[in-house]
Amino acid sequence: AAVPQIVQREAAQKAKNPLLEARKKHFGIGRSIQPRRDLSRFMKWPKYVMLQRKRAVLKKRLKVPPSINQFRQTLDRDTTKQVLHLMGKYRPQTKQERKAKLQEAAAKRAEGGALPAPRKQAPRVTSGLRCVTNAVEKARAQLVVIAHDVEPIELVLHLPALCRKRRVPYVIVKGKARLGALVYRKTCSCLAITDITPEDRASLTKLQDMAKTSYNERSEEIRKNWGGGEMSKRSQAKVAKIEKLRAKEVQQKMG
């Protein structure tokens, strides 16, 4: 019978040249060639990526006051989808739509025809910090949506307190870019619904009740809830080691 391949391979591996001495590799400067390694962690990342990461680490390490920490308490994914879906129904007109409307009116006027009677404008979402703040102060806003990652955060720091004072329901969602997409911009700090059609009244009422329960009525809890103060894994391991030694000393004294 033929010898199995595994046995043949082992025999081939064991056969060595006695004239060649096995030497241990040294990977110092000018010595053996370094083995291949995954160098992705040594990659030089762009500056903005490094700043993002350092900022995220600092926010974990430093103690964050409640007024800033409240922007970490965002809506869950399903509720955010409902809010953005409702907002998407009241998007403002694009530049092309406005231009086409004006050209149509100008063409009718040039032909000498009668212009259509002015009618009430359809409900539109209010965007921008100044317009939203004005709508909240005048109690015209029915629901305010604030982005959690506005930079600098001081721009929207007053909005939650103002909404609670004026008893306007507000929510905090992830992503200023998602709010900006609703109003044809790159980013948007906040949006507000000031008017709505009767068909969506039930959906708005449901979201308002949820916003009041999750944000407006939790003012005392939000005011006392500090953030940050998380130690790194290295520091946690160091503290755990010290506590373990202390527990061992106490046990020895007791025993």
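Counting from 1, residues in each chain are numbered in the order their sequence is written. In keeping with the predicted nature of the model, local features appear solely for residues at pLDDT of at least 70, side-chain atom pairs appear and are counted solely at 80 or more, and the whole-chain, interface and lining totals rest on all residues. Where side-chain values are given, they derive from all heavy atoms of the structure, hydrogens and water being excluded.

Moving on: the side chain of Ser127. Labels follow the DSSP assignment, with helices taken as runs of H or I lasting at least four residues and strands as runs of E lasting at least two, numbered in each case from the N terminus. Topologically, Ser127 is positioned in strand E2 (residues 125–127). Within 3.5 Å is the distance limit for a polar contact, defined as a pair of N or O atoms, with the added protein rule that one can donate a hydrogen and the other accept it, and that residues adjacent in sequence qualify only through two side-chain atoms. Separated by 3.2 Å, the side chains of Ser127 and Arg185 make a polar contact. By definition in these notes, contact holds between two residues if any of their heavy atoms fall within 4.5 Å. Excluding residues within four positions of it along the chain, Ser127 makes contact with Val132, Val183, Arg185, Cys188, Cys190 and Leu191.

With that settled, the discussion passes to the pairing of strand E5 (residues 190–193). Residue exposure (1.4 Å probe, protein chains only): buried if accessible area is under 20% of the type maximum, exposed if over 50%, otherwise partly exposed. The side-chain alternation of E5 yields two buried faces, one formed by Cys190 and Ala192 and the other by Leu191 and Ile193. A pair of strands is considered paired only if DSSP assigns at least 2 bridges between the two. Relative to E5, E2 is paired through three bridges, and the arrangement is antiparallel. In the sheet register, Val125 faces E5, and the bridge partner there is Ile193. In this structure, strand E3 (residues 143–147) lies alongside E5, joined through four bridges in antiparallel fashion. By the bridge assignment, Val144 is partnered in E5 with Ala192.

Taken in spatial order, the four strands make up an open sheet running E2-E5-E3-E4, and their pairing is mixed. Two strands close off the open sheet at either side, each with one partner strand: E2 and strand E4 (170–173). Neighbour to neighbour, the strand axes of the sheet diverge by 20° on average, direction disregarded. Orientation is described by axes fitted as lines to C-alpha atoms, over the contacting stretch for helices, and by angles from 0 to 180 degrees between their N-to-C directions.

Right, let's talk about the state of the cysteines for a bit. A pair of cysteine sulfur atoms is labelled a disulfide when the two atoms are within 2.5 Å. Inspection of the entire model under this criterion finds zero disulfides. Of the cysteine sulfurs around Cys131, a residue in no disulfide, the closest is that of Cys190, at 9.1 Å. The thiol of Cys188 is unpaired, and the distance to the nearest cysteine sulfur, on Cys190, comes to 6.0 Å.

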